[in-house]
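Chains, contacts and geometry: an overview
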Amino acid sequence: MRFNDDVGLDTSEVQDMRDGGGGIGGRVALGGGGLGVVGLVIYFLFSQFGGIGGGGAHSATGLSDLGSGQQVDNGSLSRECRTGADANRNHDCAIVAMVNSIQDYWTGQFARSGQTYRKATTNFFRGGVRTGCGSATSDVGPFYCPADSQVYIDLSFFNELQTRFGAKGGPFAEAYVLAHEYGHHVQNLLGNSARAGKGSGPASGSVRLELQADCYAGVWANHAQTTPTESGKPLISEVTRDDINRALDTAARIGDDYIQRELGGGRVDQSKFTHGTSAQREKWFTTGFSTGDPARCDTFNTRDLG
């Protein structure tokens, strides 16, 4: 995966709270939770995070605390992340570029459908963070909060994917993670999040919500090299077959069955499924990628989820 050197980056779509104090601890209730793989393990073993993978359930708890004790400092990003050339050599800038590309695609797609896409901020944090959905630690993994319509990520999560889960990793695997979270934002804007309801299980609304977000991530991947920025030129210049394989490898490592079997004691309990199996996650990302059509991502009216 490479970025066009001379295309500008928009750091306003990212907030850097890593050095501002995060409000560690507490509880977050997510609607269209994120990949949250570490949080899922905790859920399966200890049931500590009641909102992880909880489908459409979300809470406004913590709204009054949002931003309290948390300082945003985008100075470094603004100085260092100006063009695609910066994204090719700096990891933080690459994340900015991914966010830009994903949101550029959905802005255009919504416009083609006669709708308006409202951009969502991605927040970098370290250790813990307070959000419109409550407080969360890094253990939750990347997540989208529907109460404040923002994405949250501790970038150390990408190391966790490789060291703890054995994923191949790489820039496009990271892009898949981000595109999945923005898939939840799209669901929130379209009203799909409310369709998930509560509960778990292989055919639950929560699983359908997560698989649709995977499909939306694949749709963006299909258009990544052709989605223009405001300059008219695509930000991403190259996506290889290896990049797609790495995204699929990541999807396979965060399926409910894989996590329960490999990190939850070896027993697979389908009644606790909230995100879908590894095979399902691969299938729906592939559906989005192969078709490039968001309409093909209707997991809620599909009997066979794969």
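This model, assessed by the stated rule, comprises one cavity of 30 Å³ or more. In this structure, the largest cavity encloses a volume near 40 Å³. Within the residue set of the lining of the largest cavity, elements represented by two or more residues are α5 (157–163) and α6 (171–190). Looking at the lining of the largest cavity, the element that brings in the most residues is α5, giving three residues.

With that out of the way, let us pick up the pairing of strand β5 (residues 134–137). In the sheet, strand β4 (residues 128–131) pairs with β5 via four bridges, with the strands oriented antiparallel. Residue pairing across strands places valine 129 opposite alanine 136, the latter belonging to β5. In this antiparallel pair of consecutive strands, β4 and β5, the connection spans two residues.

Below, the discussion takes up the packing of aromatic side chains. Inspection of every chain in the model, using the stated rule, returns nine aromatic pairs. Consider the rings of phenylalanine 110 and tyrosine 117, whose centres lie 5.4 Å apart with planes at 70°: the pair is edge-to-face. Tyrosine 117 shares its class with phenylalanine 110; the two are buried. Aromatic pair phenylalanine 143 and tyrosine 152: ring centres 5.2 Å apart, planes at 20°, arrangement stacked. Like tyrosine 152, phenylalanine 143 is buried. Feature note: the residues Tyr105, Trp106, Phe110, Tyr117 and Tyr216 constitute an aromatic cluster, connected by ring pairs.

Here the focus is the layout of surface pockets. Empty space left among the atoms is revealed by rolling a probe the size of a water molecule over them. By volume, the largest pocket amounts to about 180 Å³. What lines the largest pocket is a set of 14 residues, and nearest its centre among them are Gln115, Leu190, Tyr216, Pro294 and Ala295. Secondary structure elements with two or more residues in the lining of the largest pocket: α4 (91–112) and α7 (205–223). When the residues that make up the lining of the largest pocket are grouped by side-chain class, the tally is seven nonpolar, five polar and two charged. Here the second largest pocket is characterised by a volume of approximately 150 Å³. Around the second largest pocket, the lining residues are Asp104, Tyr105, Thr107, Gly108, Arg112, Lys119, His223, Thr226, Thr227, Pro228, Thr229 and Glu230.

Taken in spatial order, the four strands make up an open sheet running β2-β3-β7-β6, and their pairing is mixed. The outermost strands of the open sheet, each flanked by one partner alone, are β2 (14–16) and β6 (143–145). Strand-to-strand twist of the sheet, defined as the mean angle between neighbouring strand axes without regard to direction, takes the value 25°. As paired elements, β6 and strand β7 (residues 150–153) share three bridges and run antiparallel to each other. Note that in β7 the partner of phenylalanine 143 across the bridge is tyrosine 152.

Interaxial distance between α4 and α7 falls to 10 Å at its minimum, and their mutual angle equals 95°. Of the possible angle classes, the one that applies to α4 and α7 is roughly perpendicular. Contact with α4, carried on its side by Ser101, Ile102, Tyr105 and Trp106, involves Tyr216, Val219, Trp220 and His223 of α7 and no other residues of that element. When the residues that make up the contact of α4 with α7 are grouped by side-chain class, the tally is six nonpolar, two polar and no charged.

The end-to-end C-alpha distance of helix α8 (residues 241–253), which contains 13 residues, comes to 19 Å, matching closely the 18 Å that a straight helix rising 1.5 Å per residue would cover. When α8 is considered as a whole, its buried residues turn out to be Asp243, Ile244, Ala247, Leu248, Asp249, Thr250, Ala251 and Ala252. Check the buried side of α8 and you find it contacts α5, α6, β8 (236–238), α9 (256–263) and α10 (278–291).

Let us look at the state of the cysteines. Inspection of the entire model under this criterion finds three disulfides. Linked covalently through their sulfurs, cysteine 215 and cysteine 297 form a disulfide whose S-S length is 2.1 Å. Across the S-S bond of cysteine 215 and cysteine 297 the torsion is about -70°, and the bridge reads as left-handed. On the criterion of sequence distance, the pair formed by cysteine 215 in helix α7 and cysteine 297 in the segment after α10 is long-range, its members being 82 residues apart. Assessed through its relative accessible area of 0%, cysteine 215 is described here as buried.

This paragraph deals with the pattern of salt bridges. Taken as a whole and assessed by the stated rule, the structure comprises 13 salt bridges. Residue lysine 119 is joined to glutamate 13 by a salt bridge in which the shortest nitrogen-to-oxygen separation is 2.8 Å. A residue pair is termed long-range when its members are at least 10 positions apart, and lysine 119 in the loop between α4 and β3 (122–124) and glutamate 13 in the loop between β1 (2–3) and β2 qualify at 106 residues. Judged by relative accessible area, which is 5%, glutamate 13 ranks as buried. With a shortest N-O distance of 2.8 Å, aspartate 92 and arginine 18 are connected by a salt bridge. Residue aspartate 92 is found in helix α4, and its partner arginine 18 is found in the loop between β2 and α1 (37–46); the two are separated by 74 residues along the sequence.

Basis of the calculations
- Every chain is numbered independently, its residues counted from 1 as its sequence is written.
- Owing to the predicted nature of the model, reporting of local features is limited to residues with pLDDT of at least 70; listing and counting of side-chain atom pairs is limited to 80 or more, with chain, interface and lining totals taken over all residues.
- Only heavy atoms go into the side-chain values, all of them from the structure, while hydrogens and water stay out.
- Think of a 1 Å grid over the protein atoms and nothing else: a 1.4 Å probe that fits but is trapped marks a cavity, an open set flanked by protein within 12 Å on at least five of seven lines marks a pocket, and residues with an atom within 4 Å of a point count as lining.
- Grid points are joined across faces, edges and corners, and a volume is the space filled by probe spheres set on the points.
- For helices the rule is a DSSP run of H or I covering at least 4 residues; for strands it is a run of E covering at least 2, with both sets numbered from the N terminus onward.
- Any two strands are treated as partners once DSSP identifies two or more bridges connecting them.
- The criterion for an aromatic pair is that two Phe, Tyr or Trp rings (for Trp, the six-membered ring) have centres within 6.5 Å, with stacked assigned to planes under 30 degrees apart, edge-to-face to planes over 60 apart and tilted to the rest.
- For every residue, the accessible area (1.4 Å probe, protein chains only) is compared with the maximum for its type, and the residue is labelled buried under 20%, exposed over 50%, or partly exposed between those bounds.
- Only Asp, Glu, Lys and Arg are considered charged, only Ala, Val, Leu, Ile, Met, Phe, Trp, Tyr, Cys and Pro nonpolar, and every remaining residue, Gly among them, polar.
- Helix axes use the C-alpha atoms of the stretch in contact, all axes being lines fitted to C-alpha atoms, and the angles between their N-to-C directions lie in the range 0 to 180 degrees.
- Comment on the angle field: the value is read as roughly parallel under 35 degrees, roughly antiparallel over 145, roughly perpendicular from 65 to 115, and oblique elsewhere.
- Should any heavy atoms of two residues lie within 4.5 Å, those residues are considered in contact.
- The length a helix should cover is 1.5 Å for every residue beyond the first.
- Note on terminology: disulfide denotes any pair of cysteine sulfur atoms within 2.5 Å.
- Put simply, a salt bridge is a Lys or Arg side-chain nitrogen that is within 4 Å of an Asp or Glu carboxyl oxygen.

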